[in-house]
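# Observations on the model geometry
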Amino acid sequence: MTTYAGAILPSGLPSDPAYGAAYKFLPAPLTLPYPSALASNPPTAGLLTNNLPVAEIVSTFAGNMVRQFEQDWYHHVHLLPAKIALGNLLSTQIRQVEVWNAHFALKTLSALNGQNDGGITLAAPANPPTTYGMLESRQHNVSVSLDGPPVIEASFTFQFPDEAPTLSISGRRVVVFGLKPNWADGWLERLMWATDVLTARDGTEQRVSLRAKPRRLLEFSILVGRDDAALVDVLLSAWQSRVYALPIWPDKAFLSAAITAGSTVIPITTTNLEYEADGLLVIGSDSRNTEAAEVLSVASNAVTLKQPLLSNWPAGSFVVPARTARLRVTQTVSRVTDAIATARLVFDIAGTTAITKQESSTTFNSTAVWTTRPNRARDVETDYRRLAEVLDFDTGITAVDDHAARPFVRRAFDYIFKNRSEIAAFRGWLAARAGRLTAFWHPTWEASIVPTKKILSNQTVMTVASRGYALYFNPMPGRTEAAFLHKNGTWYFRTIQGFGAGTTGDEEVMTINQSFGFDANPEDWVAIYFLEKTRLDADQIEINWQTDSVVEAAVPMLSVKS
């Protein structure tokens, strides 16, 4: 009999009844070296029985199988890619789709079913039914033409045993509207925000923007001869309710050198022009010979395209950014003769327009000040409005309840901007206003305050010509701030604390909150205007392009309390 030397561990001492009979856990036959350790807990008399091996206790756990690379990639039929997003379809597009049988067995394609696939063809190496070998891959050619619905939402289902992978194709068909505007009538751009204005009885306003980005409308006239008159009929008859690629003609430029088919980079200056990534570009020689392309990226001196150009374009060809746009559902065309036509076209830009906000760098009390001088070619109409109610019960005299106890003055100023930098700054300023949403400070451009004596550097009292302010200033609401334009072009803004009588009947004294820090004679000031807290009085602003670098705009403004 074999004898093993060993020792009883502490857990097997008699103090723990569960482990006192250590021999229960040891194979037999076995000689224990320390029988005295079991003296207090002697074994039951009888023969030892070997019960090994002991059956395991079975436990059941709920769970999910973790998929590995094999389950993800193999044992399926893959379409690569499974989705084709064409974006704006400007010409016939061809894409390749790989169909891969990733099974380790033969799989039969029994059918290929298309839905909403007008103008789309899917050319397969073999028509169904056809059998794919294990791990076999085949290339299919997808061709999408301009013929078909304006919105592309097509699908092709590949019917295999136990699975049916689907190819999805989306996009929009776009045709270039290449007719150039008649600049005698200009080019009208209308930006349209939406603002909800809630006015309290005292004139305080709460303004809420209802549109994050403005809508945009473009309107221009065309005067066309025989060939283009026929093109107008074709474009309206075939495409009026669909989306056009409309060139932004004020941004037109010309190629300085020829570009060959297959090129993806067009060298062109883009500063202050409407080129943008994922936007459109049109290149052409006349209204009927054009090519549209999608923009991948924009640099200051070049535009990179997503797809190569299809045609050669000589030096002198025009290049212009474009937007997707729709004509109105009713369009009038005047036939001057049987070969001459005129029309006033109105396009709604599809989607909203993103304009980079450009706030004025001049501020007063942390609010921007708009100091661009208006064009006084026309009279400025000024309306004084009050939030007053006339109480008339038809039985006696009337009564007037003026809630705000002040007028709210509306003025419509004309502006002219003579270069692209000024135009870009004006559009950015309009974007910062967001229609009627954001208020700003604005001079009244009325020479109401005329200095008559020198003011010293440390003085805060200025002698001015009498205008009756000493009699009526209480202070007068809306007349407590002033803008001082120095002859060196610098603006100074001050709060008027009060008016008082002067030393003569023709003079008054005006007290301001801060001195200028320099001596100033009356002739040192170009003008002194009252400064009003103002907002735009319309959510729609029209920008009239007279040329590609001269713009006129009428901007209505309304003074506000807050």
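Residues numbered from 1 in each chain as written. Predicted model: local features only at pLDDT ≥ 70, side-chain atom pairs only at ≥ 80, totals over all residues. Heavy atoms only, no water.

Helix and strand content of the protein: five helices and 37 strands. What you see for the protein is a C-alpha radius of gyration of 42 Å, clearly larger than the 24 Å of a compact globule of 562 residues, by over 25%. By its C-alpha atoms, the protein is 140 × 80 × 65 Å across when sized along the principal axes. Here the contacts in the protein between residues at least 6 apart in sequence split such that 72% fall between residues at least 24 apart. Side chains of the protein carry 49 positive and 54 negative charges; the gap between the two charge centres is 2 Å. (Helix = DSSP H or I, 4+ residues; strand = E, 2+ residues; numbered from the N terminus. Rg over C-alpha atoms; globule rule 2.2 N^0.38 Å. Contact = heavy atoms within 4.5 Å. Lys, Arg positive; Asp, Glu negative; His and termini not counted. Charge placed at Lys NZ, Arg CZ, Asp CG, Glu CD.)

Let's shift gears to helix H3 (residues 226–239). In a regular helix each residue adds 1.5 Å, so 14 residues correspond to 20 Å; H3 covers 20 Å between its end C-alpha atoms and thus fits that length. Buried within H3 we find Asp228, Ala229, Leu231, Val232, Leu235, Leu236 and Trp239. Along the axis of H3, the buried residues cluster in a sector spanning 155 degrees; they form a single face. Among the exposed residues of H3, those oriented more than 90 degrees off its buried face are Arg226 and Ser237. (Expected span 1.5 Å × (residues − 1). Buried < 20%, exposed > 50% of the residue type's maximum accessible area, 1.4 Å probe, protein only. Arc of directions from axis to C-beta.)

Let us look at the sheet that holds strand E3 (residues 93–101). In spatial order, the strands read E1-E3-E8-E6; together these four strands make up an open sheet with antiparallel pairing. Of all the strands in the sheet, the pair left with one neighbour each is strand E1 (77–80) and strand E6 (120–123). Put simply, the sheet's adjacent strands are angled 20 degrees from each other on average, direction ignored. (Pairing = 2+ DSSP bridges. Axes fitted to C-alpha atoms, helices over the stretch in contact; angles between N-to-C directions.)

All right, on to the packing of aromatic side chains then. Within this structure, the stated rule accounts for 35 aromatic pairs. Each ring, one from Trp187 and one from Phe220, has its centre 4.9 Å from the other, and the planes form 15 degrees; the classification is stacked. Residue Trp187 is found in strand E11 (residues 187–192), and its partner Phe220 is found in strand E14 (residues 215–224); the two are separated by 33 residues along the sequence. On the accessibility criterion, Phe220 (0% relative accessible area) is buried. Residues Trp491 and Phe493 carry aromatic rings whose centres are separated by 6.2 Å and whose planes lie at 5 degrees to one another, so their mutual orientation is stacked. Across the pair, Phe493 and Trp491 agree in class, each one buried. The side chain of Lys533 reaches across the aromatic face of Trp441, ending 4.9 Å from its centre. (Phe/Tyr/Trp six-rings, centres within 6.5 Å; stacked < 30°, edge-to-face > 60°. Lys NZ or Arg CZ within 6 Å of the ring centre and 35° of its normal.)

The tally for this structure, following the rule as stated, stands at 29 salt bridges. Of the charged contacts, one joins Glu532 and Arg479 as a salt bridge, the two residues approaching to 2.7 Å between their closest N and O atoms. On the criterion of sequence distance, the pair formed by Glu532 in strand E35 (residues 525–536) and Arg479 in the loop between helix H5 (469–472) and strand E32 (481–486) is long-range, its members being 53 residues apart. Side by side, Glu532 and Arg479 carry an identical accessibility label, which is buried. Asp524 is the partner of Lys487 in a salt bridge, and the nearest nitrogen-oxygen pair spans 3.1 Å. (Salt bridge = Lys/Arg side-chain N within 4 Å of Asp/Glu carboxyl O.)

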